[in-house]
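As a plain string of letters, each chain reads:
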Amino acid sequence: VGSTLLKQIETQQKPLQELLPLDLRLVGLANSSRCVLDASGISFEDAPKTLEAELSSETVSGFVEELIHLNLPNTVFVDCTASQEVASQYSRLLSSNVAVVTPNKKGQAGSLEKYLEQKALARKKSVPYLFETSVGAGLPVISTLNDLIKSGDDVTKIEAILSGTLNFIFSSLHEGMTFSESVLNAKRLGYTEPDPRDDLNGLDVARKLLILAREAGFHLREEDIEVENLVPEDLRETASVKEFLDSLPLFDAVYDETRRRAEGEGKRLRYVGVFENGRACASLIALPLSHNFTSVSGSENIIAFTTTRYSAIPLTVRGPGAGAQV
């Protein structure tokens, strides 16, 4: 995601200067072991080499401290990690008038108190705190929800397919693949986490649902969400990813039976997150073919908001939900 973002900004740098006008500069770059800061700007083309040449052992906290000390106007900190350590810096950045943009769910789906603190700081400092891509990749999900709330609407129900990975896996299952084949194919295409169990355990969906519920104004905690774990119990503590993938075919028959039972009832399997009446759950369910969620294929996401104004027909957002480009 980080390298793809750099390429996108490099491509857009000239159009942004001409259209807005906005002179966008890369002044800092960091990974898990190295970092570089240069107030005069870092070439996008040379950014990976520049970072690789650094011998810094700077911590995330130290990097943030140096960035704040530079005191550059209109600084934007972009977190493309899934790191709790990086997310823990958001409050510090926001309180120093540094905007935060991130697909990292740890900051918004962590403790409720921390989430509320970060939102309050962003309001107080009038600094952007943007995490649209933490749910639904590039789809306008959170911005749509925010617009509903700002206009005085009330959300009564959220239903969503929030994992492009899981939707791809179960779409493939209904197309004739075995469960293990569909997981391996999703991993090969880059849809899964490095360890596919991080998708299959349902926590990714639960955290995305938690973010939506919180943005809708409900003070929900992660432990309030009922989550169905799709990783076979015998493989949850398997030592390595390879060992897990090698053992997965042993459970193909179980998922094949689940699929055949659903198809026998004229239904399709989908992993769905639902929030209604203060209760949230994420689980594998068999939906009738008439349900619009069954037409969602591949790595698509779909989110349906039922509100006071959209009560008869939910407001629905649908599109690609996986992949670095989005």
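On a predicted model such as this, the values are computed, not experimentally measured, just so you know.

Among the structural elements, T238 can be located in the loop between strand 7 (225–227) and helix 12 (241–247). The contacts of T238, once residues within four sequence positions are left out, are R197, E243 and F244.

Side chains of L19, L20 and L22 sit close together on the surface and give an oily, nonpolar patch of about 330 Å² of accessible area. Here L20 shows up in the loop between helix 1 (2–19) and strand 1 (28–30).

To continue, consider helix 13 (residues 252–264). With 13 residues, helix 13 should cover 18 Å at 1.5 Å per step; its first-to-last C-alpha distance of 18 Å lies within 8% of that length. Among the residues of helix 13, D252, Y255, R259 and A262 are the ones counted as buried. Relative to the axis of helix 13, the buried residues are bounded by an arc of 100° and lie together on one face. Of the exposed residues in helix 13, the ones pointing more than 90 degrees away from its buried face are A253, V254 and G264. Contact partners of the buried residues in helix 13: helix 8 (164–174), helix 9 (179–188), strand 8 (267–276) and strand 9 (279–288). Remark: G266 follows helix 13 within two positions and exhibits a positive phi of approximately 70°.

Let us now look at the sheet that holds strand 3 (residues 76–78). Reading across from one edge, 3-4-5 is the order of the three strands in this open sheet, with parallel pairing throughout. Among the strands making up the open sheet, the edge pair consists of strand 3 and strand 5 (129–130). Summarising the sheet, strand 3 and strand 4 (residues 99–101) pair through three bridges and their orientation is parallel. From the neighbouring strand, V78 faces strand 4, where its bridge partner is V101.

Next up on the list: the packing of aromatic side chains. Here the distance between the centres and the angle between the planes together describe a pair of aromatic rings. Following the criterion strictly, the structure yields seven aromatic pairs and no others. Summarising the aromatic geometry, the rings of F179 and Y255 are spaced 3.9 Å apart at their centres and angled 15° between planes, so their arrangement reads as stacked. Of the two residues, F179 is situated in helix 9 and Y255 in helix 13; the sequence distance between them amounts to 76 residues. Among the aromatic side chains, those forming a connected cluster through ring pairs are Y90, Y129 and F131.

What follows covers the pairing of strand 6 (residues 155–161). Among the seven residues of strand 6, five are classified as buried, and the element is accordingly described as predominantly covered. Sheet topology note: the strand 6/strand 10 (residues 300–307) ladder contains six bridges and is antiparallel. If you follow E159 over to strand 10, its bridge partner there is A304.

What counts, and at which threshold
- Residues numbered from 1 in each chain as written.
- Predicted model: local features only at pLDDT ≥ 70, side-chain atom pairs only at ≥ 80, totals over all residues.
- Heavy atoms only, no water.
- Helix = DSSP H or I, 4+ residues; strand = E, 2+ residues; numbered from the N terminus.
- Contact = heavy atoms within 4.5 Å.
- Patch = residues over 30% accessible without salt bridge, like charges linked within 9 Å, V, L, I, M, F, W, Y side chains within 5 Å.
- Areas by Shrake-Rupley, 256 points an atom, 1.4 Å probe, with all protein chains shown as cover.
- Salt bridge = Lys/Arg side-chain N within 4 Å of Asp/Glu carboxyl O.
- Expected span 1.5 Å × (residues − 1).
- Buried < 20%, exposed > 50% of the residue type's maximum accessible area, 1.4 Å probe, protein only.
- Arc of directions from axis to C-beta.
- Pairing = 2+ DSSP bridges.
- Phe/Tyr/Trp six-rings, centres within 6.5 Å; stacked < 30°, edge-to-face > 60°.

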